[in-house]
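Structure assessment
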Amino acid sequence: MLFGTQASAQIRYSVPEEVKQGTVVGNVAKDLGLDIATLTDRRFRVVSGSKEAIFEVNQNNGALYVHSHIDREELCQGSGTCLMELKILVENPLEIHYVIVEITDVNDHSPIFPEAEQIFDIAEHTLPGRRFQLHTARDPDAGVNSIRTYTLTSNEHFEVNIRQGEASKIPFLVLKKSLDREQKDKHTLLLTAVDGGKPQRSGTLNVTIIVLDSNDNRPMFSQEVYQIEIQENVPLGALVTKMKATDPDEGSNGEVKYSLGKTLSPKVYDIFELDKVTGEITVRGLVDYEENDLFELDIEASDKGTPPLTGECRVIIKVKDVNDNPPEIEVTSLSNTVPEDSKPGTIVSLLGVKDSDSGVNGKVILQISNNVPFELKPSYKENTYSVVTKHLLDREQVSHYEITIKATDCGDPPLSTFKTLSIHISDVNDNSPHFEQNPLHFYLVENNVAGESIFSVRATDNDVSENAAITYHIVREGSQNDVTSFLNVNSENGHITALKSFDFETVKTFQFHVVASDSGSPQLSSNVTVNVFILDQNDNAPVILYPLSSNGSAEGVEEIPRNANAGQVVTKVRAYDADIGYNGWLLFSLQEVTEHSLFALDRYTGQIRTLRSFTETDEAEHKLLILVKDNGNVSLSATATVIVKVVEPKEAFAASDVKSATNHDEESNVTFYLMITLASVSALFIISIIVLIAMQCSKSTDYTSKYLQETNYDGTLCHSIQYRSGDKRYMLVGPRMSIGSTIVPGSHANTLVLPDRRRASTEPKVQSGDWRYSASLRAGGVMQSSVHMEESSVMQGAQGVLVQNWPTASSAADPEGGEVSPPMGAGVDSNSWHFRYGPGGPGAPPPHLKPGEVPPEAFIIPGSPAIISIRQNQGGEDDKSDFITFGKKEEAKKKKKKKKEKKDKKDKGKDDGDE
């Protein structure tokens, strides 16, 4: 009445089963008086349940037609009338009409017997009129199409008799004439079941009668019908009841065996089992009350007589309901996503619950079993509930809920069912972007590529989607010198790009601010302070100090006498690097040389020596290409070229003239003079060798050799050169020094004063304050002592020059016994090592420099020797002979002396030639 529903009188149609799909049953719209033109607009339709609709209506003409296959035996079991009630629905206004369709039977099944053959054992003395029940045929058809009659093959002893039962006709075999076993012991008959359809259908049963000797008593049950109750779900093998039949006969004629009737439903045989000896009925399969609550069993008891006699009874088994079905929860509707700002009481889902059990076993109680911010509200309709929010939600704390619904029935014991609802909480922009650290610290290597990303910032937002989409921008202060004007940030990923290359010497650190904003509504933001520290890089190549020609190229010419011994120092390559730390440590390597077996280069000091003595076959000029590289991660290098010219000493000119004269005599082919000349030259050569050996053997190791080879040299970055001149000893060292050495505090000196253990001294001499870089180092043998590096001390350059980290110095033990220097921290009055890079005392200003020259106090040249002077007295006047002094003046004197020697040799040669 609320919806304006109208119901009209029922209309009834009839349609036979097995008709084709699309067959028209009747025009419902016409019979109901509906306007056919409005059927489509009013949504004229048949309302059916969950099963497939058998009938449908045509909205164009209002006809009711068959939509799917019709099987009366499947729809309506039994012989009664098969009626289907259809609900016809139209809208605007809403009307409901009920239509009854009767499904008429069609003779589409033939009668069928449960077995193909039935055997009877009949005693020969059986009196006529005895009846034997035959198998009943079954025909699913109803009415006239069901079984109408039974016929038996014509014979003189038997006939068929039909008894009308409640639901079917039961045939009996009737003995009309006594049997004579001696005449015939077996009779074969054919029983035919015929239905009443048109055309008729039939089924046959082979009946075999075996004639036996007499057995005149059959087993008897105490009653014809037994009624028993059992509970459903009884365990398999459980005893239902025990049947007992009695037979007054004796012997085998009185022994009874039991069997189930042949005409029972197949399900009975699957669920129950009868012991043929004991008569016990036990459970064989699952007993389910919801499937079948009543079973009827026909029990036959047969004796073992000849022929056996049979008695029958019926057992009715009623099944009692047990609470064995848990409740079922059905989700009618569900909102999978709920905004986190939803108010309490917002409906999330609608639920329905049902239980297949009956009585109290079907009553259900529903509840939420876990701790969630949701609750159940019962609806006005029974077994219907709604799930609503209990209080405010927060997606950032919990973004997803699993709501567990528990349904429990009222049975004993109660059964429960769980249903889980998955609820997602949608986001609302209620969180600002967040930086994990504030401020942020980044380290940037200088000389970065302009326009490339140098680092990135990242903020997080607990929100999702657009509310968590973060954009970045740099806070600009507006000043032209502001470093942020050279920075740019990618608004999407926070990558910060530098628009210029930074220089550590110009800017060492700077600071700026980055703001992160989300894309929610309203927009939220936060900022972070970024501190950037610039790191130094190896961006300065080594600079060659010597050799350096007048045109600025690193190329020099050195002269060495041909009679120089092995180990003779040819020259020393000097270089420096403006970088600090390891980037300023230099290594020397020999790239090209005309004779590898003749020259060697010290990789740490840059010193070039001879490996062996020169021979007459060696070339007079050798070119050496030296590579100088620093120790940075990416090494930078420079090259220097040294041309070594081998010159003849004065003593060699006479031998040369003799040789020339000898060659001239050989050309004259005068045998006598040739023999004399060869003998003279040989004798002179042998005498010269003997004299040279004697001179070498007579030299003292400590005083006659200018340079002594160091025995402890290990090839690492630890090197020194010791030099003796008379009663003084000097040491040239590189950047590594031993722990025992001392740097005079407050000075920029580079002079190491080494105590001389060989001689005792009473008065110290005053330090000499003058020395210069040498253009070359010419000496005899070289003695090196080990100097070890320790990463601990710092040597300060001149004012305005970066601090250079250098290791502390320690001297090795003196080869002659004892330590070389006093302990670290010794005063000025004690024997100590002093570093000096120029004239004057400690702290004196550097000398006047020419354009392009580098002040020596501004750096420490890795591999360059410092001058170490050993003095017994430090008082009195400076004695310049206490130091090895090198420089352009000294070099010019040496070159001038060499030229004079060459000239003297030439003059001597001429004089000898004149003679």
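Before going further, it helps to spend a moment on the sheet that holds strand S44 (residues 569–572). Read across the sheet, three strands follow the order S44-S48-S47 without closing on themselves; strand pairing throughout is antiparallel. Sheet topology places S44 and strand S47 (599–601) at the edges, where each strand pairs with a single neighbour. Neighbour to neighbour, the strand axes of the sheet diverge by 20° on average, direction disregarded. Here three bridges tie S47 to strand S48 (residues 607–610), and the two strands are oriented antiparallel to one another. Opposite Phe599, over in S48, you have Thr610 as the bridge partner.

Taken in spatial order, the four strands of this open sheet run S43-S50-S49-S46, and their pairing is mixed. A strand with exactly one partner marks an edge of an open sheet, and here the two such strands are strand S43 (555–561) and strand S46 (586–593). Taken over all neighbouring pairs, the strand axes of this sheet differ in orientation by 30° on average, direction set aside. Pairing analysis gives seven bridges linking S46 to strand S49 (residues 621–630), with the strands arranged antiparallel. Bridge pairing in S49 places Phe588 opposite Val628.

Turning our attention to the confidence of the model for the protein chain. Here the protein chain averages 75 in pLDDT, while 72% of its residues score no lower than 70. Segment residues 1–8: pLDDT under 50, and 11 contacts once partners within four positions in sequence are set aside and those in other chains are kept. The model gives residues 908–915 a pLDDT under 50, and that stretch makes two contacts with residues more than four places away or in other chains.

Turning our attention to a nonpolar patch on the surface. There is a patch of nonpolar side chains on the surface, built from Phe685, Ile686, Ile689, Ile690 and Ile693 and spanning about 500 Å² of accessible area. If you trace the backbone, Ile693 turns up in helix H5 (residues 671–698).

Relative to the helices and strands, Ile560 is located in strand S43. As a C-alpha pair, Ile560 and Pro649 span 89 residues in sequence and 9.3 Å in three-dimensional space. In this view, Ile560 contacts Gln568, Val570, Thr610, Phe614, Val644, Lys645, Val646 and Val647; residues no more than four positions away in its chain are not counted.

Thresholds applied
Residues numbered from 1 in each chain as written. Predicted model: local features only at pLDDT ≥ 70, side-chain atom pairs only at ≥ 80, totals over all residues. Heavy atoms only, no water. Pairing = 2+ DSSP bridges. Helix = DSSP H or I, 4+ residues; strand = E, 2+ residues; numbered from the N terminus. Axes fitted to C-alpha atoms, helices over the stretch in contact; angles between N-to-C directions. pLDDT = per-residue confidence, 0-100. Contact = heavy atoms within 4.5 Å. Patch = residues over 30% accessible without salt bridge, like charges linked within 9 Å, V, L, I, M, F, W, Y side chains within 5 Å. Areas by Shrake-Rupley, 256 points an atom, 1.4 Å probe, with all protein chains shown as cover. Salt bridge = Lys/Arg side-chain N within 4 Å of Asp/Glu carboxyl O.

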